[in-house]
Amino acid sequence: MENNKQKMQEYWRRNVRILFILLALWFLVSFVFGILLVDELNQIRIGGFKLGFWFAQQGSIYCFVIIIFVYVWLMNRLDREFDVHEE
C-alpha cells in the first residue's frame, strides 16, 4: 500500500512539473513576447509584419494550441508509465 502511495505521489509531482513548464512557456510567449518585449520584437519583420505584433496577435494562440497537444502527448506517456492510462 505504501509503495502505491509513493507511486501516485511521484505521478502527481511529475504531472505538476509538466503543468508548470508548459504554463511558463505560455506565459513567456503570450505576456513577455506579446506585451513586455513587443517594442524590441517589432524591430524584426517577418513576411512584412512586425514580430511583436505577430506574437501578440497570432503567436500566442498558435503556441497555446501546440501546448495543448504537447500536454496531451506528455500526459498519455506519463499515464502509461505509471499504469493509470485508459484502455
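Shown above is the structure to which this text applies.
Residues numbered from 1 in each chain as written. Predicted model: local features only at pLDDT ≥ 70, side-chain atom pairs only at ≥ 80, totals over all residues. Heavy atoms only, no water.

**Q** Before we move on, can you summarise the environment of leucine 36 with the specific residues and values?
**A** Structurally, the position occupied by leucine 36 is in helix α1 (residues 2–36). In sequence terms leucine 36 and leucine 51 are 15 residues apart; their C-alpha atoms lie 13 Å from each other. (Helix = DSSP H or I, 4+ residues; strand = E, 2+ residues; numbered from the N terminus.)

**Q** Report on the packing of aromatic side chains, specifying residues and quantitative values.
**A** Both the distance between ring centres and the angle between the ring planes are used here to describe each pair of aromatic rings. Taken as a whole and assessed by the stated rule, the structure comprises five aromatic pairs. Geometrically, the ring pair formed by tyrosine 11 and phenylalanine 82 is edge-to-face, given 5.7 Å between the ring centres and 70 degrees between the ring planes. Taken together, the residues span a long stretch of sequence, with tyrosine 11 in helix α1 and phenylalanine 82 in the segment after α3 (51–81) at a distance of 71 residues. Across this residue pair, the class does not change: tyrosine 11 and phenylalanine 82 are buried. Measuring from ring centre to ring centre gives 6.1 Å for tryptophan 54 and tyrosine 62, while their planes differ by 45 degrees; the resulting arrangement is tilted. (Phe/Tyr/Trp six-rings, centres within 6.5 Å; stacked < 30°, edge-to-face > 60°. Buried < 20%, exposed > 50% of the residue type's maximum accessible area, 1.4 Å probe, protein only.)

**Q** If you had to explain unusual backbone geometry to someone new, which residues and values would you point to?
**A** One non-glycine residue, aspartate 83, adopts positive backbone phi at about 55 degrees. Along the chain, aspartate 83 falls in the segment after α3. Look at aspartate 83 and you get exposed, because its relative accessible area is 55%.

**Q** Pulling in residues and values, what's your account of α3?
**A** Of all the bends in α3, the largest measures some 50 degrees and sits at glutamine 58. Among the structural elements, α1, α2 (38–41), β1 (45–46) and β2 (49–50) are those in contact with the buried residues of α3. One or two positions beyond α3, positive phi appears at aspartate 83, with a value near 55 degrees. (Bend = angle between axes of the 7 residues up to and from the residue. Contact = heavy atoms within 4.5 Å.)

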